[in-house]
Amino acid sequence: MNDIIRSTAWQIAKLRGHYIQHERYDPLKVRFKLLIEKRLADIASGRKTEVHGIALSGASGTGKSSAVAQLIASSREDLAQSSLPSAAIISLRVPSPATLKFVGQTILRALGYHLSSERQAWYIWDLVRHQLREREVLFLHLDEAQDLSSRGTRQELDAVASMLKTLMTDEEWPVGILLSGTQELENILNHDPQLAHRMDTIHFASLSPVNHAPDVAGLIEGYARRAELGLAPDALEIALSERLIHAAAYQFGLVIEIIIGAIEIALLESGDHLEWRHFKLAYEVRSSCADAFNPFVVDDYHRIDTRQVFKRGDE
Ligand SMILES: Nc1ncnc2c1ncn2[C@@H]1O[C@H](COP(=O)(O)OP(=O)(O)OP(=O)(O)O)[C@@H](O)[C@H]1O
Ligand SMILES: [Mg+2]
């Protein structure tokens, strides 16, 4: 039994480590790489220009963090071969609470700089700008950027927006900003037209059962193949993909999580085929729901709110 658990864990780790190049990734990649190349060209020619940034929004579980992580890894490889191999891209998650000071401190830490004593916000941000230039940072990625606006006061939002603008318009060393987060991230841009004007926006839309079921069927097939599992006839039904999209609250990344969950159960059973019931069980494991709330069981699954987990039917 231990052997099965261990080999399953290894297989799952391998599946989770695999990144699927989806169609929504390409526009993001093209935009980002273009901005980097423009910046490199400006640096090489000694031109001082303002830089642009990107705001990537989408619902939770759609795959924003994964897409940006993939993009940054591949861009770092490109940079190593570029005209400025020492250039860097820094990525961090917006801390909580997202005060101006705390955000600045977190950026410093991501830059590998440790503050020796308590400092005021203006001092920290001066240091941030200095360090970004020293380290030749071309892009700064802030994940969960919606939290920048969550404190809500107009004053705080003004301060954050103006800080981002300052970084992008720095005369000595402008830094591009990549923001990723849920839809509320758009509040920051809507709040400040000058900032919005410097940001390109990309949205990862939700999946639609009608349009995307065939793609999702392809995903199931691809993942099963990678796990060296065959597909039972009921796992080939398009209805399974439609239900899977619903079970995943229409989000691409969550579709993948449930597929991997189903594969995990099949591997633990030592089976050699992936079946419909494995999806049902995977959903049950995720949400500990009763059958009446499992979209792989009931016929009128559309009524199930799959954003709400922990529905057992007895509450
Ligand atoms: N292209 C992909 N290939 C493989 N797995 C993916 C891909 N995109 C997302 N995933 C998986 O989907 C899950 C959710 O993705 P991710 O965390 O990137 O979503 P998110 O949009 O950042 O969500 P949140 O707003 O909650 O942070 C993760 O487990 C991730 O591994
Ligand atoms: Mg994320």
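Not measured: the values here are computed from a predicted model. (Residues numbered from 1 in each chain as written. Chains lettered and ligands numbered in written order. Predicted model: local features only at pLDDT ≥ 70, side-chain atom pairs only at ≥ 80, totals over all residues. Heavy atoms only, no water.)

Caption draft 1: Region of interest: the site of ligand 1. Every one of the 20 residues lining ligand 1 counts as a neighbour, but Ser-60, Lys-64, Ser-65, Ser-66 and Glu-257 are closest to it. Between ligand 1 and Glu-144 there is a distance of 3.3 Å, counted from an oxygen atom to a side-chain nitrogen or oxygen. Among the secondary structure elements, those contributing two or more residues to the shell around ligand 1 are helix 3 (64–80) and helix 11 (252–268). With four residues, helix 11 is the single largest residue contributor to the shell around ligand 1. Here the shell around ligand 1 is composed, by residue class, of six nonpolar, ten polar and four charged. Of the residues that make up the shell around ligand 1, three or more belong to each of domain 1 (8–17 + 207–303) and domain 2 (25–204). (Near = heavy atom within 4 Å. Polar contact = N/O pair within 3.5 Å; in protein donor to acceptor, adjacent residues only side chain to side chain. Helix = DSSP H or I, 4+ residues; strand = E, 2+ residues; numbered from the N terminus. Nonpolar A, V, L, I, M, F, W, Y, C, P; charged D, E, K, R; others polar. Domains from an automatic or database assignment.)

Caption draft 2: Region of interest: the confidence of the model for the chain. The pLDDT averaged across the chain works out to 92; a share of 97% of its residues lies at or above 70. This stretch, residues 310–315, has a pLDDT under 50; its non-local contacts, to residues over four places away or in other chains, come to twelve contacts. (pLDDT = per-residue confidence, 0-100. Contact = heavy atoms within 4.5 Å.)

Caption draft 3: Focus on the sheet that holds strand 5 (residues 199–204). Taken in spatial order, the five strands line up as 2-3-4-1-5 in an open sheet, and their pairing is parallel. Two strands in the sheet have a free side with no partner beyond their single neighbour: strand 2 (88–93) and strand 5. Here the average twist between neighbouring strands, direction ignored, is 15°. Relative to strand 5, strand 1 (residues 53–58) runs parallel, the two sharing six bridges. When the sheet's bridge partners are listed, Ser-57 is paired in strand 5 with His-203. Sitting on the sheet, helix 4 (residues 100–110) touches strand 2 and strand 3 (137–143), and the angle it makes with strand 2 is about 135°. (Pairing = 2+ DSSP bridges. Axes fitted to C-alpha atoms, helices over the stretch in contact; angles between N-to-C directions.)

Caption draft 4: Examining a nonpolar patch on the surface more closely. The grouping of Met-1, Ile-5 and Leu-268 at the surface amounts to a nonpolar patch, some 300 Å² of accessible area in total. As for its position among the elements, Ile-5 is in helix 1 (residues 2–16). (Patch = residues over 30% accessible without salt bridge, like charges linked within 9 Å, V, L, I, M, F, W, Y side chains within 5 Å. Areas by Shrake-Rupley, 256 points an atom, 1.4 Å probe, with all protein chains shown as cover. Salt bridge = Lys/Arg side-chain N within 4 Å of Asp/Glu carboxyl O.)

Caption draft 5: Spatial organisation of the packing of helix 10 (residues 238–247) against helix 12 (residues 276–287). With their axes 11 Å apart at the nearest point, helix 10 and helix 12 run at an angle of 10° to one another. Of the possible angle classes, the one that applies to helix 10 and helix 12 is roughly parallel. Residue-level inspection shows Ala-239, Leu-240, Arg-243, Leu-244 and Ala-247 of helix 10 in contact with helix 12, the latter providing Trp-276, Phe-279 and Tyr-283. For the contact of helix 10 with helix 12, the residue count by class is seven nonpolar, no polar and one charged. (Parallel < 35°, antiparallel > 145°, perpendicular 65-115°, else oblique.)

Caption draft 6: Here's a closer look at helix 6 (residues 154–169). The end-to-end C-alpha distance of helix 6 is 22 Å, a good match for the 22 Å that 16 residues give at a rise of 1.5 Å each. What helix 6 keeps buried is the set Glu-156, Leu-157, Val-160, Ala-161, Met-163, Leu-164, Lys-165, Leu-167 and Met-168. (Expected span 1.5 Å × (residues − 1). Buried < 20%, exposed > 50% of the residue type's maximum accessible area, 1.4 Å probe, protein only.)

Caption draft 7: Looking closely at the pattern of salt bridges. In total, this model carries 13 salt bridges according to the counting rule given. Arg-47 is the partner of Asp-42 in a salt bridge, and the nearest nitrogen-oxygen pair spans 3.0 Å. Of the charged contacts, one joins Glu-269 and Arg-277 as a salt bridge, the two residues approaching to 2.9 Å between their closest N and O atoms. On the basis of relative accessibility, which here comes to 38%, the residue Glu-269 falls in the partly exposed class. Overall, Arg-277 belongs to the partly exposed group, its relative accessible area being 35%. Counted as one network, the salt bridges with shared partners bring together Glu-269, Glu-275 and Arg-277.

Caption draft 8: Highlighting the pairing of strand 1. With six of six residues buried, strand 1 lies mostly within the body of the structure. Because side chains alternate across strand 1, one face comprises the buried residues Gly-53, Ala-55 and Ser-57, and the other comprises Ile-54, Leu-56 and Gly-58, equally buried. With four bridges connecting them, strand 1 and strand 4 (residues 176–181) associate as parallel partners. Bridging from a neighbouring strand, Leu-56 pairs with Ser-180 of strand 4.

Caption draft 9: Region of interest: the environment of Leu-207. Relative to the helices and strands, Leu-207 resides in the loop between strand 5 and helix 9 (209–226). Looking at Leu-207, the relative accessible area reads 10%, which means it is buried. Along the primary structure Leu-207 and Ile-245 are separated by 38 residues, whereas in three dimensions their C-alpha atoms are 7.1 Å apart. Leaving out residues up to four positions away in the same chain, Leu-207 has contacts with His-212, Val-216, Ile-245, Tyr-250, Gln-251, Phe-252 and Val-255.

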